[in-house]
Amino acid sequence: MVQLASGTSVSERLQPAKPALSWVTTAARVVLAGVLIVAGALKIGAPALSVQAVRAYQLLPDSVAQVVGYGLPVLEIITGLLLLVGLFTRAAAVAGGVLMVAFVIGIASAWARGLRIDCGCFGGDGTLAAGQDPNYFWELLRDFGLLVCAAWVVVRPASRFSLDSALGFTGERETTDEDGSDDGEDDGA
Amino acid sequence: MSKRTSEAARARIAAQREALRKQEQRKRITMIVTIAVVVVIAAAFAAWSMRQGASEKVAGGLAPVTVQEDGTVVMAKSGVTAPVVDVFEDFQCPACKQFEETSGSTLKNLAAEGKAKVVYHPITIFGQEPTKGNSLRAASAARCVTDGQQWLAYHDKLYKNQPSETVTGFTIDELIKWGKEAGVTATDFDNCVREQRNVAAHQQFSEKTMSTQKLTGTPTVKLNGKDLDTNVAFVPNSLRDAVESAGK
């Protein structure tokens, strides 16, 4: 009767296992969401600047830079909103993490190539004002920290104050695992 | 194990599976709803963003353009003296090219509508090669153009052909060729460009402009002497609104 011992009630099992850790996820979610929403909101109204900031990295062909310049703020805001309300948390955190990896690569490559640009993360056209120095180290540290937040949420997507838990699904892995164990029970029965 | 417990266990399993199935269903519905909402929101954001980035078309003719003694160029209908839009730009600066592509037509239209006096101040902000040389050659060549309309055509041509910041560009031969293509008729244009006659005057003008105007970069756009935020300057409809309300 392993199945009885392991699964008393479905709803109980879907609750986050460790309350303290689920609060950490909430915090990671909100921090990542806040930065993404602010970054997107500051750029979305002036797409010409956003495109120029992408071009400043001299990494992407012009047509792609155009698409990224327009699309990135939208993507940031949508990802941020999903993280903020905690809906499809894991998928949103994966998207946020991919963005952070892309930013880290972009900034690191600008640094390595000796470019003198502003990351354009929160608006602007990517040029430094006269007498201003690039801030690559802190920009990288910030994005790396946000990447850690995203990774944490991907690993432990169950969290407090999330639509996922309000709706009874706390991240896909838990659900899949349960499906898997149920199948196992079937075979045993 | 009694038959009864086993039946009870089966019933529980069935209930459990039913609950899981319901949850899966709810999840699917939420997923579909979320995707629909996300698509709608993203489309709305994208549409708004496109409008913010959309450039005007140059509607009709241009306002009269006159090349000034000091190297600035004024575009305004006769009698229009305000509001003044000052554009401080460098032919080699990529953001200036972007500004020109995005908002250049708005400035031309505003001047043609008699709603603004637009003053171009071509300067050189670069201190290192190859950008410095590129910028100096281009700007001093532009000074060889004496007719205003031709100057503006040449100005647009230079931005269209702006070289990368990492290579030597704006070569003398190119600058002469583009002058011909832009319809420059100034006598002695070729020699003026080839001898780079105006480099010293342009450099002097640049330094003076940068210090008196306290420029921190290009493009800097000023409306009645006050810096316009890039979030306004690079958004054609915001730029138009700002200039129009300054003229009221």
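Residues numbered from 1 in each chain as written. Chains lettered and ligands numbered in written order. Predicted model: local features only at pLDDT ≥ 70, side-chain atom pairs only at ≥ 80, totals over all residues. Heavy atoms only, no water.

**Focus on the domain arrangement of chain B**
According to the domain assignment, chain B consists of domain 1 (1–53) and domain 2 (65–246). Taking the mean C-alpha position of each, domain 1 of chain B and domain 2 of chain B sit 58 Å from one another. (Domains from an automatic or database assignment.)

**Quick look at the confidence of the model for chain B**
When pLDDT is averaged along chain B, the result is 92, and 99% of the positions lie at 70 or above. Confidence metrics for the complex model read pTM 0.82 and ipTM 0.83. (pLDDT = per-residue confidence, 0-100.)

**Considerations on the environment of Leu141(A)**
By secondary structure assignment, the location of Leu141(A) is in helix 7 (residues 136–155). Placed 28 residues apart in sequence, Leu141(A) and Arg113(A) show a C-alpha to C-alpha distance of 18 Å. (Helix = DSSP H or I, 4+ residues; strand = E, 2+ residues; numbered from the N terminus.)

**Examining the nonpolar core**
Residue and element names in this part refer to chain B. Grouped together as the largest cluster of nonpolar side chains are 52 residues, with contacts concentrated most on Val85, Phe91, Val118, Tyr154, Leu158 and Leu175. A per-element tally of this core places helix 2 (residues 94–112) first, with six residues. If we skip the residues at most four places from it in the chain, Leu158 touches Phe91, Ala138, Ala142, Phe170, Leu175 and Trp178. (Core = buried A, V, L, I, M, F, W, Y, C linked by side-chain atoms within 4.5 Å. Buried < 20%, exposed > 50% of the residue type's maximum accessible area, 1.4 Å probe, protein only. Contact = heavy atoms within 4.5 Å.)

**Section: a nonpolar patch on the surface**
Together, Val30(A), Leu81(A), Leu84(A), Val85(A), Leu163(A), Ile29(B), Val33(B), Val37(B) and Ile41(B) make up a nonpolar patch on the protein surface, roughly 660 Å² of accessible area in all. Listed by contribution, the elements that provide at least two residues to the nonpolar patch are helix 5 (62–85) of chain A together with helix 1 (3–53) of chain B. The leading source of residues in the nonpolar patch is helix 1 of chain B, at four residues. Given the relative accessible area of 43%, Val37(B) is considered partly exposed. (Patch = residues over 30% accessible without salt bridge, like charges linked within 9 Å, V, L, I, M, F, W, Y side chains within 5 Å. Areas by Shrake-Rupley, 256 points an atom, 1.4 Å probe, with all protein chains shown as cover. Salt bridge = Lys/Arg side-chain N within 4 Å of Asp/Glu carboxyl O.)

**Overview of unusual backbone geometry**
Residue and element names in this part refer to chain B. The peptide bond linking Ala82 to Pro83 adopts the cis configuration, its omega dihedral lying at -10 degrees. Structurally, Pro83 is set in the loop between strand 2 (73–75) and strand 3 (84–89). Here the amide bond leading from Thr218 into Pro219 is cis, since omega sits at -5 degrees, within 30 degrees of zero. You can see Pro219 is positioned in the loop between helix 7 (199–212) and strand 5 (220–223). For Gln196, which is not a glycine, the phi torsion comes out positive at approximately 45 degrees. Its place among the elements puts Gln196 in the loop between helix 6 (189–194) and helix 7. Residue classification places Gln196 among the partly exposed positions, given a relative accessible area of 28%. Positive phi, normally seen in glycine, also occurs at Asn224, with a value near 50 degrees. Relative to the assigned elements, Asn224 resides in the loop between strand 5 and strand 6 (226–227).

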